[in-house]
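# Secondary and tertiary structure notes
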Amino acid sequence: MPVLEGNNSQTNSSTQTPEVKALGFPLPLTIVYVILYVLIFSLAFFGNIMALLTCYKKYRSSQSILLCYISSLAAADLLFAILSTFDLAYFFDGDWPGGDVVCKIQAHLSRFLTQPRY
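Residues numbered from 1 in each chain as written. Predicted model: local features only at pLDDT ≥ 70, side-chain atom pairs only at ≥ 80, totals over all residues. Heavy atoms only, no water.

What follows is about the packing of helix 1 (residues 27-62) against helix 3 (residues 85-93). Following both chains from N to C, one finds helix 1 and helix 3 inclined at 170°, their axes separated by 11 Å at the closest point. The orientation of helix 1 with respect to helix 3, classified from their angle, is roughly antiparallel. For the pair formed by helix 1 and helix 3, the contact residues are Thr30, Tyr33, Val34, Tyr37 and Phe41 on the first element and Thr85, Asp87, Leu88, Phe91 and Phe92 on the second. When its residues are assigned to classes, the contact of helix 1 with helix 3 shows 7 nonpolar, 2 polar and 1 charged. (Axes fitted to C-alpha atoms, helices over the stretch in contact; angles between N-to-C directions. Helix = DSSP H or I, 4+ residues; strand = E, 2+ residues; numbered from the N terminus. Parallel < 35°, antiparallel > 145°, perpendicular 65-115°, else oblique. Contact = heavy atoms within 4.5 Å. Nonpolar A, V, L, I, M, F, W, Y, C, P; charged D, E, K, R; others polar.)

Right under this line is the structure:
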């Protein structure tokens, strides 16, 4: 628990705005980051769920290998989107909330999903 310092005689005038920072970032940058994160997370989450549902419905009738491939990519992307919520928590808290296991899973997924495959 931090020790409270003595009362400073400086007053907060109406022209000064308090600086709210998340891990040292200014407030406008933090707001833009959160808005972009929510937008990208929403698109990834709902888009991949829709892709999985579509592949599941179509696979029962056609049993195509391409549908298996697309559903595998959608599942991996959905898992990565869900695990990226830990990054947002880390951005605000400054401490990794997921522990070592989630850190290793996310590092493995980010490395595996961004590697070029031939």
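Now that the structure has been shown, we can carry on.
Per the stated rule, a full pass over the model turns up 7 aromatic pairs. Summarising the aromatic geometry, the rings of Phe41 and Phe45 are spaced 5.7 Å apart at their centres and angled 20° between planes, so their arrangement reads as stacked. Here Phe41 pairs with Phe45, and both are found in helix 1, just 4 residues apart, close to one helical turn. Among the residues examined, Phe41 registers a relative accessible area of 22% and is labelled partly exposed. The partly exposed category is assigned to Phe45, whose relative accessible area is 23%. (Phe/Tyr/Trp six-rings, centres within 6.5 Å; stacked < 30°, edge-to-face > 60°. Buried < 20%, exposed > 50% of the residue type's maximum accessible area, 1.4 Å probe, protein only.)

Before going further, it helps to spend a moment on the UniProt feature "transmembrane region" (unreviewed entry) in the protein chain. Per the UniProt record, the feature "transmembrane region" (unreviewed entry) sits at residues 31-53 and 65-92. Counting secondary structure, residues 31-53 comes out at 100% helix and 0% strand; the distance between its end C-alpha atoms is 33 Å. Secondary structure content for residues 65-92 is 96% helix and 0% strand, and the end C-alpha separation is 42 Å. (UniProt positions renumbered as here; feature names shortened; annotations may be inferred.)

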